[in-house]
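# Observations on chain architecture
Below are the chains, spelled out letter by letter.
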Amino acid sequence: MKVAPDIYRLTQGVSNFYLVEDGGKLTLVDAGAPGDWNQLVGEVAVLGRDLVDLEAVLLTHAHSDHVGFAERARTAAGSSVWVHEADAKVAKTGKVGKTDGKVTPYLFKAELYRTVFILLRRGGIKIVPVREVSTFADGETLGLPGRPRVVHLPGHTPGMSALFLEDRGVVLTGDALVTRNPLTGRRGPQIAPSGFNTDTNQAMRSLDTLGGVTADLVLPGHGEPWTEGVAEAVRLAKLAGRS
Ligand SMILES: [Zn+2]
Ligand SMILES: [Zn+2]
């Protein structure tokens, strides 16, 4: 689904991933769940492009529902796979560290079961390791289609990073700011639930950093696009607090 000029949202119903087109070349931001490969192939064909046009896969962070089919893109399309240096080891090994909270407090939420059910069918509960990754750091502008700039927003994971497309006024926030809570189902701008975060306090503080980005359109890792600007999204996420 087109969400902005030359930006397309793909989703299996839980996590979002986005194709950014630039002069006939493509960058993918996040790679869904492992079973979402065919969605990518279909969308690339609809755009009249070829898999070899997919230059890069940028991972906002190393969680299974975002690393998805990155390794397959690397081997089948020859794309380079990028992640923040602090998440590189997890992306390469598939071994995730401890989180800040337990998932048990969410057991009475239907949304938890919806998320798990959809991801299970897509093989999205465990990371498929990416054997070769390139790393980026805060503030870097990457010489890839869309010329994304890295905004490091640690807390959800140590390497959690948004990707800012400055000339388009668009920021892709991954799970630093979402508009649908994958454990409670709550809608609206908010940080990810504690059960998925390595450091929830840090995730809250990173909202201030995100607030320094000027963009009208926010494309989150979970939930619908947010069109009322970064400042308002950050204000509401602070108001929502932790979950
Ligand atoms: Zn995540
Ligand atoms: Zn996620």
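The structure under discussion appears in the preceding block.
Residues numbered from 1 in each chain as written. Chains lettered and ligands numbered in written order. Predicted model: local features only at pLDDT ≥ 70, side-chain atom pairs only at ≥ 80, totals over all residues.

### Looking at the sheet that holds strand 5 (residues 54-58)
- Strand order across the open sheet formed by seven strands is 1-2-3-4-5-6-7, with mixed pairing between neighbours. Strands with a single pairing partner mark the edges of an open sheet, and in this sheet they are strand 1 (2-4) and strand 7 (134-136). Shown here is a sheet whose adjacent strand axes are inclined to one another by a mean of 30 degrees, direction ignored.
- Relative to strand 7, strand 6 (residues 80-84) runs parallel, the two being bridged by three bridges. Across the sheet, Val 83 pairs through a bridge with Thr 135, a residue of strand 7.
- The strands that helix 1 (residues 37-46) touches are strand 2 (7-11), strand 3 (16-22), strand 4 (25-29) and strand 5; relative to strand 2, the one it contacts most, it runs at about 150 degrees. (Pairing = 2+ DSSP bridges. Helix = DSSP H or I, 4+ residues; strand = E, 2+ residues; numbered from the N terminus. Axes fitted to C-alpha atoms, helices over the stretch in contact; angles between N-to-C directions. Contact = placed C-beta atoms within 7 Å.)

### A short note on the packing of helix 6 (residues 200-211) against helix 7 (residues 230-240)
- In contact at an axis separation of 9 Å, helix 6 and helix 7 are set at 165 degrees when each is read in the N-to-C sense. For the element pair helix 6 / helix 7, the angle class is roughly antiparallel. Crossing handedness for the pair helix 6 and helix 7: left-handed. Of helix 7, the residues touching helix 6 (which contributes Leu 207, Leu 210 and Gly 211) are Val 230, Ala 231, Val 234, Ala 237 and Lys 238.
- For the contact of helix 6 with helix 7, the class distribution of residues is six nonpolar, one polar and one charged. (Parallel < 35°, antiparallel > 145°, perpendicular 65-115°, else oblique. Left-handed = near helix turned anticlockwise from the far one by under 90°. Nonpolar A, V, L, I, M, F, W, Y, C, P; charged D, E, K, R; others polar.)

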